[in-house]
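Observations on the three-dimensional arrangement
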Amino acid sequence: MDNRPIGVFDSGMGGLTTVRRMHEIMPHENIIYFGDTGRVPYGTRSPDAILHYTRQDVAFLRSFDIKAIVVACNTVSAVALETVASEIDVPMFGVVWPACRKAAETTRTGRIGVIGTAATVRSGVYERMLQRARPELEIFTKACPLFVPLVENGRVQPGDIVIETVVAEYLEELKQKGIDTLILGCTHYPLLHDVIAAYMGPEVRLIDSGAEVADFARRMLIPAQGQGKTRYFVSDDPECFRSLAGLFLHGEIADEVGRVDIAKY
Ligand code: DGL
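Quick summary incoming for the structure in this document. (Residues numbered from 1 in each chain as written. Predicted model: local features only at pLDDT ≥ 70, side-chain atom pairs only at ≥ 80, totals over all residues. Heavy atoms only, no water.)

Another point: the overall build of the chain. When helices and strands are tallied, the chain shows 12 helices and 10 strands. Its C-alpha atoms give the chain a radius of gyration of 17 Å, near enough to 18 Å, the size a compact globule of 265 residues would have. The buried share of the chain, reckoned over its 265 residues, is 58%. Carbon and sulfur atoms form 49% of the exposed surface of the chain, whose accessible area is close to 11400 Å². Mean positive and mean negative side-chain charge positions of the chain (28 and 34 charges, respectively) differ by 4 Å. (Helix = DSSP H or I, 4+ residues; strand = E, 2+ residues; numbered from the N terminus. Rg over C-alpha atoms; globule rule 2.2 N^0.38 Å. Buried < 20%, exposed > 50% of the residue type's maximum accessible area, 1.4 Å probe, protein only. Areas by Shrake-Rupley, 256 points an atom, 1.4 Å probe, with all protein chains shown as cover. Lys, Arg positive; Asp, Glu negative; His and termini not counted. Charge placed at Lys NZ, Arg CZ, Asp CG, Glu CD.)

Right under this line is the structure:
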């Protein structure tokens, strides 16, 4: 048994979809969550800025005696994970490989779509990893930069004309390609699951990258014992985070949310 906490981080709220999955499948684990809400979004930043922020987020999590880090952010997993993982002695699990493995197992036609932030799509990491999993796959990617701000503003319900219009605009191209599997390559996007599923139709399976990394971490780690506890930290207003967190976690945060001066790390 290893009761040390697992560090989980994201640029903001999106990583809470991974925490939700961890609560479901790893209820014994202690979790330290950091959301860099003062600097979100990462997806529109340069690789240098994303690497710098990632090093600071990881340094903060390592101020606790953690057993592993789950990178609940596709942008960081795509751009900075390899570099930062090679600099530290704590295992780091990113979202990209688990999502690619699941998509490669799921597809029947071999035609896979990937949606994500501009930085994730620009990195080309999903094409590389999917082709490593199954070289014959055909992959179609699309950056959807408006999804994160819309999700953070709660525009996620089917029937909301704003989100339905933006979904149709971004996904029309992928629909035309005849994909049968779509990777939600951003941990904010599971909140758009119903709107995206309705637009793409029942023949397209959606892969939740944030949930896949939780499953992967569960298989890789020595488990904890007892009732796990999650502590939350952010780099901007804790109350603002707490008021939106319920949407991502499907439940309220009871305890105090800590505020971190992340620039110090
Ligand atoms: N949740 C982040 C991801 O999975 C996206 C948010 C951002 O752009 O910072 O890429």
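The linkage connecting Val40 with the following residue, Pro41, adopts the cis geometry, with an omega of 5°. Tracing the sequence through the fold places Pro41 in the loop between strand E2 (31–35) and helix H2 (47–61). Its identity is not glycine, yet His250 carries a phi of approximately 60°, on the positive side.

Here the focus is the sheet that holds strand E8 (residues 205–208). Spatial strand order, E6-E5-E7-E8: 4 strands in an open sheet with parallel pairing. Each of the sheet's edge strands pairs with one partner strand only, and the pair in question is strand E6 (138–143) and E8. In this sheet, neighbouring strand axes are inclined to one another by 20° on average, regardless of whether the strands run parallel or antiparallel. Pairing between strand E7 (residues 181–185) and E8: 4 bridges, direction parallel. (Pairing = 2+ DSSP bridges. Axes fitted to C-alpha atoms, helices over the stretch in contact; angles between N-to-C directions.)

Once that is clear, we can look at the pattern of salt bridges. For the coordinates displayed, the defined rule picks out 16 salt bridges. Measuring nitrogen to oxygen at the nearest pair gives 2.7 Å for the salt bridge that ties Arg39 to Asp36. With a relative accessible area of 0%, Asp36 lands in the buried category. Note that Arg242 and Glu239 form a salt bridge whose closest N and O atoms lie 3.3 Å from each other. Of this pair, Arg242 and Glu239 both sit in helix H12 (residues 238–249), separated by 3 residues, roughly a single helical turn. Bridged by salt links that share partners, the residues Asp2, Arg4 and Asp65 form one connected network. (Salt bridge = Lys/Arg side-chain N within 4 Å of Asp/Glu carboxyl O.)

Once that is clear, we can look at the nonpolar core. If you look at the biggest cluster of nonpolar residues, it comprises 69 residues, and the most contacted ones within it are Leu16, Ile115, Phe147, Leu182 and Ile196. Take this core: its biggest share by element is 6 residues, from helix H9 (residues 161–176). Residue contacts for Leu16: discarding those within four places in its chain leaves Tyr33, Tyr232, Phe241, Ala245, Phe248 and Leu249. Listed in part, the 25 residues of the second largest apolar core include Cys73, Val90, Ala119 and Val260. (Core = buried A, V, L, I, M, F, W, Y, C linked by side-chain atoms within 4.5 Å. Contact = heavy atoms within 4.5 Å.)

Here Glu172 shows up in helix H9. A relative accessible area of 44% places Glu172 in the partly exposed class.

Turning our attention to the side chain of Thr75. Residue position: Thr75 is located in helix H3 (residues 74–79). Beyond its immediate chain neighbours, meaning those up to four positions away, Thr75 contacts Tyr42, Gly43, Ile50, Thr117, Ala119 and Thr120.

This part is about the site of the ligand. The local shell around the ligand holds 14 residues, among which Ser11, Tyr42, Gly43, Asn74 and Thr75 are the closest. Ser11 has a polar side-chain atom sitting 2.6 Å from an oxygen atom of the ligand. Note that a nitrogen atom of the ligand is positioned 3.0 Å from one of the side-chain N or O atoms of His188. For the ligand, whose unbound accessible area comes to 300 Å², protein coverage reaches 99%. (Near = heavy atom within 4 Å. Polar contact = N/O pair within 3.5 Å; in protein donor to acceptor, adjacent residues only side chain to side chain.)

Once that is clear, we can look at the sheet that holds strand E1 (residues 6–10). Pairing is parallel in the open sheet, where 6 strands are placed in the order E4-E3-E1-E2-E9-E10. Two strands lie at the open edges of the sheet, namely strand E4 (92–94) and strand E10 (258–259), each paired on one side alone. Helix-sheet contacts for helix H11 (residues 209–220) involve strand E3 (68–71) and E4, and the interaxial angle to E4 is about 150°.

Okay, the pairing of E7 next. Of all the 5 residues making up E7, 5 are buried; the element is thus mostly covered by neighbouring parts of the structure. Alternating residues of E7 divide into Thr181, Ile183 and Gly185 and Leu182 and Leu184, and every residue in both groups is buried. Of the pairings in the sheet, the one linking strand E5 (residues 111–116) to E7 comprises 5 bridges and is parallel in character. Bridging across to E7, Ile115 finds its partner in Leu184. Read from E7 through helix H10 (residues 193–200) to E8, the crossover connection turns out right-handed. (Right-handed = clockwise from strand over helix to strand, strands pointing away.)

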